Amino acid sequence: MNLCVFPTPEDTARAAAQAFERTAGVAVAARGAFHVALSGGSTPKLMYRELRVLPGVPWENVHIYFSDERSVGPDSPESNYKLAHDELLAHVPVPEAQIHRMEGERRPLEDAARDYVALLPERLDVVLLGMGDDGHTASLFPGTAALTAGGRVAANWVPKLDTERLTFTYDEINAARERWLLVAGAGKANVLREVAAGEGDSPVARVQDPVWYLDEAAAGKLGQ
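What this report covers is the structure whose coordinates are included nearby. These numbers were taken from a predicted model, which means no experiment stands behind them.

Any two aromatic rings considered together are summarised by their centre-to-centre distance and by the angle between their planes. Within the structure shown, the criterion is met by 4 aromatic pairs. Arranged with centres 5.2 Å apart and planes meeting at 85°, the rings of F20 and F34 form a pair that is edge-to-face. Of this pair, F20 sits in helix α1 (residues 9–31) while F34 sits in strand β2 (residues 34–38), and the two are 14 residues apart along the sequence. There is no split in this pair, since F20 and F34 are both buried. Aromatic side chains F66 and Y81 sit 6.0 Å apart centroid to centroid with 70° between the ring planes, which places their arrangement in the edge-to-face category. A residue pair is termed long-range when its members are at least 10 positions apart, and F66 in strand β3 (residues 62–66) and Y81 in helix α3 (residues 80–87) qualify at 15 residues. One exposure class covers both F66 and Y81, and it is buried. The rings of F20, F34 and W59 are connected pair by pair, giving a single aromatic cluster.

Okay, here's the thing in structure tokens:
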């Protein structure tokens, strides 16, 4: 595992934000643009706040996407887009036309998944991901159909939440140049230990060669 471990969630978020700044600069210098998929969650939220104050992100050349979305509109407090907008996008000069949200309010959600594919670049530079206590990442939950879905984006029914979500597939996640998993908190430690040991069947384990940005609490059981 490619581990980057820091004392606190805030330290973890700051390091990931600095990596974002560096990687964006390299991508723009090499290819003229930086294509990144954002995530919801508490640790990415901290990262977004850190990104707001970094001076070196070439926002005019950044293109924003989302790795998953709840089946809500953009003004819902449950929306991953709203989180990213309120904590980051409303505070930085990324052109509005370069922000591509998933239309979680569309019905059927399969149509939103199909249309989102048309907005994606040939290859993303970075996909930001979080991880739940059950080992899910993006909206790839244990026991759900999207775990075996083809294509790039899927509508995924999640029985335990009694809801449907939009999500990148593994094909899309693993095709990106880099995958970053931002994980904090002792509640994630057991799943991380299983993933490191090659045990269990957590969805996150099928993300290929990610960089793990962890706080010490999340990393606390690694090596046990």
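This part is about the sheet that holds strand β7 (residues 163–168). In sheet architecture, strand pairing relies on hydrogen bonds along the backbone and comes in two forms, parallel and antiparallel. Read across the sheet, 3 strands follow the order β4-β7-β6 without closing on themselves; strand pairing throughout is antiparallel. This sheet does not close on itself; its edge strands, each paired only once, are β4 (68–70) and β6 (153–158). Each strand of the sheet is rotated relative to its neighbour by a mean of 25°, with strand direction disregarded. Bridging between β6 and β7 involves 6 bridges; their strand directions are antiparallel. Each residue of the ladder has a partner; that of W157, found in β7, is E164.

By size, the foremost hydrophobic cluster in this structure holds 67 residues, and its most contacted members are F20, L38, M47, L51, F168 and W180. The element that contributes the greatest number of residues to this core is α1, accounting for 8 residues. Apart from residues lying up to four places away in sequence, F168 is in contact with A37, F66, S67, M102, Y116, L120, L124, V127, L140, R152, V153 and I173.

Strand order in the open sheet formed by 6 strands is β1-β9-β8-β5-β2-β3, and the pairing between neighbours is parallel. At either margin of the open sheet sits one strand with a lone partner, and together these are β1 (2–6) and β3. If you compare each strand with its neighbour and ignore which way they point, the axes differ by 20° on average. Sheet contacts for helix α2 (residues 42–51): β2, β5 (126–129) and β8 (178–183); angle to β8, the most-contacted strand, approximately 105°.

Two quantities define a packed helix pair, namely the angle between the axes and the distance from one axis to the other. Interaxial distance between α1 and α2 falls to 8 Å at its minimum, and their mutual angle equals 55°. Relative to α2, the element α1 is oriented oblique. Of the two elements, α1 crosses α2, and the hand of that crossing is right-handed. Of the residues in α2, those in contact with P9, E10, A13, R14, A16, A17 and F20 of α1 are T43, L46, M47, E50 and L51. Its residues assigned to classes, the contact of α1 with α2 comprises 8 nonpolar, 1 polar and 3 charged.

Attention now moves to the pattern of salt bridges. Under the counting rule described, the total for this entry stands at 15 salt bridges. Linking R31 and D125 is a salt bridge whose minimum nitrogen-to-oxygen distance equals 2.6 Å. With R31 in helix α1 and D125 in the loop between α4 (109–119) and β5, this residue pair connects regions lying 94 residues apart in the sequence. Note that K160 is salt-bridged to D134, the shortest N-O span being 2.6 Å. With a gap of 26 residues between them, K160 in the loop between β6 and β7 and D134 in the loop between β5 and β6 connect regions that are remote in the sequence. Among the residues examined, K160 registers a relative accessible area of 58% and is labelled exposed. Each member of the salt-bridge network shares a partner with another, and the members are E103, R106, D111, R114 and D115.

Right, let's talk about the pairing of β8 for a bit. By the criterion of burial, β8 is predominantly enclosed, with 5 of the 6 residues buried. Bridging between β5 and β8 involves 4 bridges; their strand directions are parallel. Paired with L128 across the strands is W180, a residue of β8. By the bridge criterion, 4 bridges tie β8 to strand β9 (residues 211–215) in an arrangement that is parallel. Bridge pairing in β9 links W180 to V211. Handedness of the crossover joining β8 and β9 through helix α6 (residues 189–197) is recorded here as right-handed.

Analysis parameters
- Note that residues are indexed from 1 along each chain, following the sequence as it is written.
- Note on the predicted model: pLDDT of at least 70 is required for a residue's local features to be given, and 80 or more for side-chain atom pairs to be given and counted; whole-chain, interface and lining totals, by contrast, use all residues.
- The basis for every side-chain value is the complete set of non-hydrogen atoms in the structure, without hydrogens or water.
- Stacked, tilted and edge-to-face pairs are distinguished by plane angle, under 30 degrees for stacked and over 60 for edge-to-face with tilted covering the rest, among Phe, Tyr and Trp rings (Trp via its six-membered ring) whose centres lie within 6.5 Å.
- A run of H or I in DSSP counts as a helix once it spans at least four residues, and a run of E counts as a strand once it spans at least two, with each numbered from the N terminus.
- Relative accessibility decides the category of a residue: with a 1.4 Å probe and only protein chains considered, values under 20% of the type maximum give buried, values over 50% give exposed, and everything between is partly exposed.
- By this definition, two strands are paired if DSSP reports at least two bridges between them.
- For helices, the fitted axis covers only the stretch in contact; all axes are lines through C-alpha atoms, and the angles between them, taken along N-to-C directions, range from 0 to 180 degrees.
- Residues grouped as a nonpolar core are buried Ala, Val, Leu, Ile, Met, Phe, Trp, Tyr and Cys residues, joined through side-chain atoms within 4.5 Å.
- We call two residues in contact whenever any of their non-hydrogen atoms come within 4.5 Å of each other.
- Every angle not falling under 35 degrees, over 145, or within 65 to 115 is termed oblique; those three ranges are roughly parallel, roughly antiparallel and roughly perpendicular.
- In a left-handed crossing the near helix is turned counterclockwise from the far helix by less than a right angle, and in a right-handed crossing that turn is clockwise.
- The residue classification treats Ala, Val, Leu, Ile, Met, Phe, Trp, Tyr, Cys and Pro as nonpolar and Asp, Glu, Lys and Arg as charged. All others, Gly included, are polar.
- By convention in these notes, a salt bridge is any Lys or Arg side-chain nitrogen within 4 Å of a carboxyl oxygen on Asp or Glu.
- Handedness of a crossover: with both strands directed away from the viewer, a clockwise path from the first strand across the helix to the second marks it as right-handed.

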